[in-house]
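Geometric and topological summary
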Amino acid sequence: MTKKIVHVAVGVIKADNTLFICKRPDDKHQGGLWEFPGGKVEADETVFEALKRELQEEVGLTLNSSSELMLIEHDYGDKCVKLDVHLVTDFSGQAHGAEGQQSAWVAIDKLDNYNFPAANVEIIEKIKVDV
Ligand SMILES: Nc1nc2c([nH]c(=O)n2[C@@H]2O[C@H](COP(=O)(O)OP(=O)(O)OP(=O)(O)O)[C@@H](O)[C@H]2O)c(=O)[nH]1
Ligand SMILES: [Mg+2]
C-alpha cells in the first residue's frame with residue numbers, strides 16, 4: 001500500500017534579516033524542535049488559504065500574500081510529509097506564540113543555533129542562499 005502523504009503549508013516569515021520561528025510542543029510529531037509556523041492543508045483549502053488560517057491561529061498574523069519557495073517531500077518513517085514552503089513578507093500584526101508556544105525572531109545567520117526537523121535542513125540551506 002502506498003503511504004498517505006500529509007500536505008503541509010509552511011510559512012517562512014521574514015522581516016529585515018530575521019525569521020520568525022516557533023518551538024513545537026513536546027507531545028506533537030517532531031516535538032521540542034523549532035519550526036516555521038504552518039499546518040495541514042484541509043481538503044477544501046488551497047495552500048494559501050491553509051497558510052493564512054494557520055498563521056492567524058498559531059502566530060496571530062494576518063497574511064496578505066506569499067510566494068512559493070520550495071516543495072519538500074520527506075519520509076520520517078512514522079509519517080510522510082509534503083511541505084509547501086512559502087516566503088511570507090507581506091503580513092500585518094505582531095507575531096507571537098498565539099498557542100502559548102515559545103517563539104523568536106532569529107537572524108538568518110543564527111539559524112544553525114536552533115534544532116529543526118530533518119525535512120527543514122533543505123529549507124534552511126535555501127534560505128541562506130536565496131532569501
Ligand atoms: N508547521 C511545520 N510543520 C513541519 C515543519 N517541518 C516538518 O517536518 N513539519 C511537519 O509537518 C507536519 C504537520 O505540521 P503541524 O503539526 O504544524 O500541523 P497542524 O498545525 O495542522 O497541527 P495539528 O496536527 O495539531 O492539527 C508535522 O508532522 C511536522 O512534523 C515546519 O517547519 N513547520
Ligand atoms: Mg502547526
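Scoring rules and cut-offs
- Residues numbered from 1 in each chain as written.
- Chains lettered and ligands numbered in written order.
- Predicted model: local features only at pLDDT ≥ 70, side-chain atom pairs only at ≥ 80, totals over all residues.
- Heavy atoms only, no water.
- Donors = N, O, S within 2.8 Å, 3.2 Å for Na, K, Ca; no water.
- Helix = DSSP H or I, 4+ residues; strand = E, 2+ residues; numbered from the N terminus.
- Buried < 20%, exposed > 50% of the residue type's maximum accessible area, 1.4 Å probe, protein only.
- Arc of directions from axis to C-beta.
- Near = heavy atom within 4 Å.
- Polar contact = N/O pair within 3.5 Å; in protein donor to acceptor, adjacent residues only side chain to side chain.
- Areas by Shrake-Rupley, 256 points an atom, 1.4 Å probe, with all protein chains shown as cover.
- Nonpolar A, V, L, I, M, F, W, Y, C, P; charged D, E, K, R; others polar.
- Core = buried A, V, L, I, M, F, W, Y, C linked by side-chain atoms within 4.5 Å.
- Contact = heavy atoms within 4.5 Å.

1. Let's talk about the coordination of the magnesium ion (ligand 2)
Protein-derived coordination of the magnesium ion (ligand 2) comes from Gly 38 (O) and Glu 58 (OE), at a distance range of 2.1 to 2.2 Å. Of this pair, Gly 38 sits in strand β4 (residues 38-40) while Glu 58 sits in helix α1 (residues 47-59); the two residues are 20 residues apart in sequence, bridging distant segments of the chain. Its relative accessible area of 10% is what places Gly 38 among the buried residues.

2. Section: helix α2 (residues 120-130)
Taken as a whole, α2 has its buried residues at Asn 120, Ile 123, Ile 124 and Ile 127. Down the axis of α2, the buried set is contained in an arc of 95°. They therefore lie on one face.

3. Topic: the site of ligand 1
Lining the immediate environment of ligand 1, one finds 19 residues, of which His 29, Phe 36, Lys 40, Tyr 76 and Asn 120 sit closest. Between ligand 1 and Asn 120 there is a distance of 2.7 Å, counted from a nitrogen atom to a side-chain nitrogen or oxygen. Relative to its free-state accessible area of 630 Å², ligand 1 is covered by the protein chains to the extent of 85%. Among the elements of the structure, β4, α1 and β6 (80-92) are those that each provide at least two residues to the shell around ligand 1. Residue composition of the shell around ligand 1, by class: seven nonpolar, five polar and seven charged.

4. Comments concerning the nonpolar core
Of all hydrophobic cores here, the largest spans 25 residues; its most connected members are Val 12, Phe 36, Leu 83, Val 85, Ile 123 and Ile 127. When contributions to this core are tallied by element, the ones reaching two or more residues are β1 (5-15), β2 (18-23), β5 (62-75), β6, β7 (103-107) and α2. Excluding residues within four positions of it along the chain, Val 12 makes contact with Leu 19, Phe 36, Leu 69, Val 85, His 86, Leu 87, Val 88, Ile 123 and Ile 127. If you look at the next biggest cluster of nonpolar residues, it comprises 14 residues, including Ala 9, Ala 50, Leu 55 and Val 59.

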